[in-house]
There are 2 protein chains.
Amino acid sequence: MGTTQLEPVSEPKYWHLRTVLSEALDSEFTVGEILPNERDLAARFGVARATLRQALEQLELEGRLQRRRGVGTTVAPPRVGVAVGTEQHAWPGAADDAWQPVDSTLLIPPAAVADALETGRDEAVHTVRRSRMSHGQPVGAELLYIPRSSVPDLSAIDAPSGAARARAVLRELQRRELDGQDNAVELGSARADDAKELDRLPGAPVLVVTTRFLSEGATAALSVATYRADTCRLTFGASGGVEIHHGPERRAS
Amino acid sequence: MGTTQLEPVSEPKYWHLRTVLSEALDSEFTVGEILPNERDLAARFGVARATLRQALEQLELEGRLQRRRGVGTTVAPPRVGVAVGTEQHAWPGAADDAWQPVDSTLLIPPAAVADALETGRDEAVHTVRRSRMSHGQPVGAELLYIPRSSVPDLSAIDAPSGAARARAVLRELQRRELDGQDNAVELGSARADDAKELDRLPGAPVLVVTTRFLSEGATAALSVATYRADTCRLTFGASGGVEIHHGPERRAS
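The numbering scheme is per chain: residues are counted from 1 as the chain's sequence reads. Whichever chain is written first is A, and whichever ligand is written first is 1; the rest continue in order. Only residues with pLDDT of 70 or above have their local features reported here, since the model is predicted, and side-chain atom pairs are shown and tallied only from 80 upward, although totals for entire chains, interfaces and linings are computed over all residues. Side-chain figures throughout are based on the complete set of non-hydrogen atoms in the structure, without hydrogens or water.

**Description of the overall build of chain A**
Then step 1. If you tally the helices and strands in chain A, you get seven helices and ten strands.
Then step 2. The classification of residues rests on relative accessible area computed with a 1.4 Å probe and restricted to protein chains. Under 20% of the type maximum is buried, over 50% is exposed, and intermediate values are partly exposed. Here chain A holds 253 residues, and 54% of them are scored as buried.
Then step 3. The contact criterion used is simple: two residues touch if any of their non-hydrogen atoms lie within 4.5 Å. Nonlocal contacts in chain A, meaning residues at least 24 apart in sequence, comprise 63% of its contacts between residues at least 6 apart.
Then step 4. For every accessible area listed, the method is Shrake-Rupley and the probe measures 1.4 Å; residues are considered covered only by the protein chains on display. Of the roughly 11500 Å² of accessible surface on chain A, a fraction of 49% belongs to carbon and sulfur atoms. Numbering goes from the N terminus for both helices and strands, where a helix is a DSSP run of H or I of at least four residues and a strand is a run of E of at least two.

**Topic: the relation of the copies chain B and chain A**
Then step 1. Screw-axis analysis of chain B against chain A gives a translation of 0.0 Å along the axis, an RMSD of 0.0 Å, and a rotation angle of 180 degrees. Read as a symmetry element, the transformation amounts to a two-fold axis.
Then step 2. Here 100% of the interface residues in chain B have copies in chain A that are interface residues too; the copies meet face to matching face. We place the copies in one frame by least squares, fitting the C-alpha atoms of every residue whose pLDDT is at least 70 in both.

**So, the domain arrangement of chain A**
Then step 1. One can read the domain layout of chain A as domain 1 (13-75) and domain 2 (80-244).
Then step 2. Throughout, the edges of the domains are those of an automatic or database domain assignment. For domain 1 of chain A versus domain 2 of chain A, the distance between C-alpha centres works out to 35 Å.

**Notes on the interface of chain B and chain A**
Then step 1. Taken together, the contacts link 48 residues of chain B with 48 residues of chain A.
Then step 2. Summing the contributions of chain B and of chain A, the shared interface buries around 4000 Å²; its carbon and sulfur component is 60%.
Then step 3. What makes a salt bridge here is a side-chain nitrogen of Lys or Arg within 4 Å of a carboxyl oxygen of Asp or Glu, nothing more. Taking the shortest distance from any N to any O, the salt bridge between A:Glu186 and B:Arg79 comes out at 2.7 Å.
Then step 4. We define a polar contact as two N or O atoms separated by no more than 3.5 Å, with the added condition that, inside protein, one atom must be a possible hydrogen donor and the other a possible acceptor, whereas residues neighbouring each other in sequence contribute only through side-chain atom pairs. Where chain B packs against chain A, one counts 16 residue pairs in polar contact (both at pLDDT 80 or more).
Then step 5. Only helix H1 (13-28), helix H3 (49-61), helix H4 (111-117), strand E7 (180-189), strand E8 (205-215) and strand E10 (232-236) of chain B provide two or more residues apiece to the side of chain B that touches chain A.
Then step 6. No other element matches the eight residues that E7(B) contributes to the side of chain B that touches chain A.
Then step 7. Side-chain classes follow a simple rule in which Ala, Val, Leu, Ile, Met, Phe, Trp, Tyr, Cys and Pro form the nonpolar group, Asp, Glu, Lys and Arg form the charged group, and the remainder, Gly included, forms the polar group. Across the side of chain B that touches chain A, the residue classes break down as 23 nonpolar, twelve polar and 13 charged. Computed with a 1.4 Å rolling probe, the buried area is the accessible surface lost when two parts are put together, summed over both parts.

**Focus: the packing of aromatic side chains**
Then step 1. A pair of aromatic rings is counted whenever rings of Phe, Tyr or Trp (Trp by its six-membered ring) have centres within 6.5 Å, and the orientation is called stacked for planes under 30 degrees apart, edge-to-face for over 60 and tilted otherwise. Applying the stated criterion to the full structure yields five aromatic pairs over all chains.
Then step 2. Ring plane angle 5 degrees and centroid distance 3.6 Å describe the contact between A:Phe236 and B:Phe236, whose orientation is recorded as stacked. Of this pair, A:Phe236 sits in strand E10 (residues 232-236) while B:Phe236 sits in strand E10, on two different chains.
Then step 3. A:Phe236 sits in the buried class, given a relative accessible area of 4%.
Then step 4. With a centroid separation of 5.7 Å and an interplanar angle of 45 degrees, the aromatic rings of B:Trp91 and B:Phe213 are classed as tilted. Of the two residues, B:Trp91 is situated in the loop between strand E3 (80-83) and strand E4 (100-107) and B:Phe213 in strand E8; the sequence distance between them amounts to 122 residues.
Then step 5. Using a relative accessible area of 6% as the deciding quantity, one classes B:Trp91 as buried.
Then step 6. For B:Phe213, a relative accessible area of 0% corresponds to the buried category.
Then step 7. Look at NZ for Lys and CZ for Arg. If either is within 6 Å of the ring centre and within 35 degrees of the ring normal, a charge sits over the ring. The ring of A:Trp15 has A:Arg18 lying over it, and the distance from NZ or CZ to the ring centre is 4.4 Å.

**Thoughts on the nonpolar core**
Then step 1. In terms of nonpolar packing, the biggest core is built from 30 residues, with A:Val185, A:Tyr227, A:Leu234, B:Val185, B:Tyr227 and B:Leu234 touching the most fellow members.
Then step 2. Counting only elements with at least two residues in this core, the list comes to strand E7 (180-189), strand E8 (205-215), strand E9 (218-228) and E10 of chain A together with E7, E8, strand E9 (218-228) and E10 of chain B. Grouping buried Ala, Val, Leu, Ile, Met, Phe, Trp, Tyr and Cys residues that are joined through side-chain atoms within 4.5 Å yields what is termed a nonpolar core.

**Thoughts on the sheet that holds E9(B)**
Then step 1. Here eight strands make up an open sheet; going across it, the order is E3(A)-E10(A)-E7(B)-E8(B)-E9(B)-E6(B)-E5(B)-E4(B) and the pairing mixed. A single partner strand is all that each edge strand has here, and the edge strands are strand E3 (80-83) of chain A together with E4 of chain B. In this sheet, adjacent strand axes meet at a mean angle of 20 degrees when their direction is disregarded.
Then step 2. Relative to E10(A), E3(A) runs parallel, the two being bridged by four bridges. From the neighbouring strand, A:Val82 faces E10(A), where its bridge partner is A:Leu234.
Then step 3. Of the strands in this sheet, E4, strand E5 (125-134), strand E6 (137-146) and E9 of chain B touch helix H5 (residues 162-173) of chain B, which is tilted by about 85 degrees from E4(B). At least two DSSP bridges between two strands are needed for those strands to be called paired. Lines are fitted to the C-alpha atoms to define the axes, a helix being fitted only along its stretch in contact, and any angle between axes, read from their N-to-C directions, falls within 0 to 180 degrees.

**Details of the sheet that holds E8(A)**
Then step 1. Taken together, the eight strands give an open sheet; going across it, the order is E4(A)-E5(A)-E6(A)-E9(A)-E8(A)-E7(A)-E10(B)-E3(B), and neighbouring strands pair in mixed fashion. Edge positions in the open sheet fall to strand E4 (100-107) of chain A together with E3 of chain B, since each of these has one partner strand only. Geometrically, the sheet is characterised by an average inter-axis angle of 20 degrees between neighbouring strands, direction not taken into account.
Then step 2. For strand E5 (residues 125-134) of chain A and strand E6 (residues 137-146) of chain A, the ladder comprises nine bridges, and the chain directions are antiparallel. By the bridge assignment, A:Ser134 is partnered in E6(A) with A:Gln137.
Then step 3. Strand contacts of helix H5 (residues 162-173) of chain A: E4, E5, E6 and E9 of chain A, with the helix running at about 85 degrees to E4(A), the strand carrying the most contacts.

**A closer look at the packing of helix H2 (residues 38-45) of chain A against helix H3 (residues 49-61) of chain A**
Residue and element names in this part refer to chain A.
Then step 1. The contact between H2 and H3 brings their axes to 9 Å, and the two run at 100 degrees. Classed by the angle they form, the pair H2 and H3 counts as roughly perpendicular. Listed contacts from H3 to Glu38, Arg39, Leu41 and Ala42 of H2 are Arg49, Leu52, Arg53 and Leu56.
Then step 2. Tallied by class, residues from the contact of H2 with H3 come to four nonpolar, no polar and four charged. These descriptions rest on fixed angle ranges, namely under 35 degrees for roughly parallel, over 145 for roughly antiparallel, 65 to 115 for roughly perpendicular, and the rest for oblique.

**Describing the packing of helix H1 (residues 13-28) of chain A against H3(A)**
Residues and elements named next belong to chain A.
Then step 1. Contact pair H1 / H3: the axes reach a minimum separation of 8 Å and the direction vectors enclose 60 degrees. Our classification of the angle between H1 and H3 gives oblique. Read as a crossing pair, H1 and H3 show a hand that is right-handed. Counting all contacts with H1, which are made through Lys13, Tyr14, Trp15, Leu17, Arg18, Leu21, Ser22 and Leu25, the residues of H3 involved are Thr51, Leu52, Gln54, Ala55, Leu56, Gln58 and Leu59.
Then step 2. Grouping the amino acids of the contact of H1 with H3 by side-chain chemistry returns nine nonpolar, four polar and two charged. The hand of a helix crossing depends on one turn: near helix anticlockwise from the far one by less than a right angle means left-handed, and clockwise means right-handed.

**Side note on the environment of A:Leu143**
All names here are of chain A.
Then step 1. Within the secondary structure layout, Leu143 lies in strand E6.
Then step 2. Separated by 57 residues in sequence, Leu143 and Arg200 place their C-alpha atoms 17 Å apart.
Then step 3. Ignoring anything within four residues of it in the chain, the contact list for Leu143 reads Thr127, Val128, Arg129, Leu222, Ser223 and Val224.

**Structural notes on unusual backbone geometry**
Of all residues except glycine, most have a negative phi; of all peptide bonds, most are trans.
Residues and elements named next belong to chain A.
Then step 1. If you check the backbone angles, Glu118 has positive phi at about 60 degrees while not being a glycine.
Then step 2. Looking at where Glu118 falls in the secondary structure, it is placed in the loop between helix H4 (111-117) and E5.
Then step 3. Glu118 sits in the exposed class, given a relative accessible area of 70%.
Then step 4. With a phi angle near 50 degrees, Glu216 is a residue other than glycine that sits in the positive phi range.
Then step 5. With respect to the helices, strands and loops of the structure, Glu216 is situated in the loop between E8 and E9.
Then step 6. Under the relative-accessibility criterion, Glu216 is labelled exposed at 61%.

What follows is the structure, given as structure tokens:
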């Protein structure tokens, strides 16, 4: 027949297909290779197109496949490990900071942010937009909120906005001593501005890392950073995190 | 007209609708409330059902909505903060361990795990399956891989499997000194066994935390833990992590 028939199982059909497809990716395909089209794949595995699509979506969620308009579905390279541990995610603006300042302005933050900063709800704070690259690809987009009380000597900034203003704010922030930080990670979807920086469509799955920077017993800055969930693995810990790749083909790249 | 017409914008329609819906959730709905059905919602916002569904999927991804079969779409409570920082995610089996042992067996791990453990690819290792609850709900499912060299004195176990065997393996592991650990977090989909423990369907989005436990210069154990991405926010850091909730309605619960 030339088809790979699936045996009947109790688990959902799309899930079984995902497992079979995952094994096929390991054994038959290499990173970057374009998969056959949906019709041919559905025929090969003897499943409906809808079932096939569900299985492909699963594998995309797991970072095994990439779907790109005009290209098709390709086998994804292993995810990039991005260090967000306490040592690497240093005091914003420090010498070893992995983030690049992009823009800065003074605005009234969302109520939830104002509450976390313990500023008043109608009090403007400095915002700094930054981006982070890895292997030449954008991996993270960040919005940093800095209460005016954290940078009290920032009286006259030459630049009203842009990277120059961002650098001036961070330079002032660096005068303070960082006492500690804590991070929270959750699943989210990319907002329009973050999506643009990450080279994705709005709503793409992202890992949202919220970091509170503590100084002199108060929250001196709050960072909301979004990382591409399809291409990034966030690592915490001094040694940069463990790597577990799927199958030999993925490890080979 | 009784409808809330969307103004034309350059961002994708589903994304604009998501923002409008998000604001409506804050101002008009409370946690646990059931949303009107899709037809009524699509009519109210003057959009196609497909657009509405995309926007609802976004909000589900962000943890704002829950879709439950037989119930409909409800407004989700704020995500539960689950501590996975170095202090809380302690040496497995320690007195303050948040995980409950469920089962244990000896098996040959996936090749990628064997490589990370630096055991041979056809060498059996101890596995311990554990679960984690928070507020009476399952939040995490873990598979712990322990090379036999980490528990050399585990010669005769009375129980061939089950929680009793798991506890015996962990008791032996506790004889070793934990030198350090590192974590990696990435997006994944729940495998069938994890999904069952998490009370989800296979393929549901999960946050996968891989932890390597180091002892005497080697990887003494490897943990692959999956957390429900819809209900959990993972916190790293001593103080348990920052909390940022959406809008006043969500904070009120």
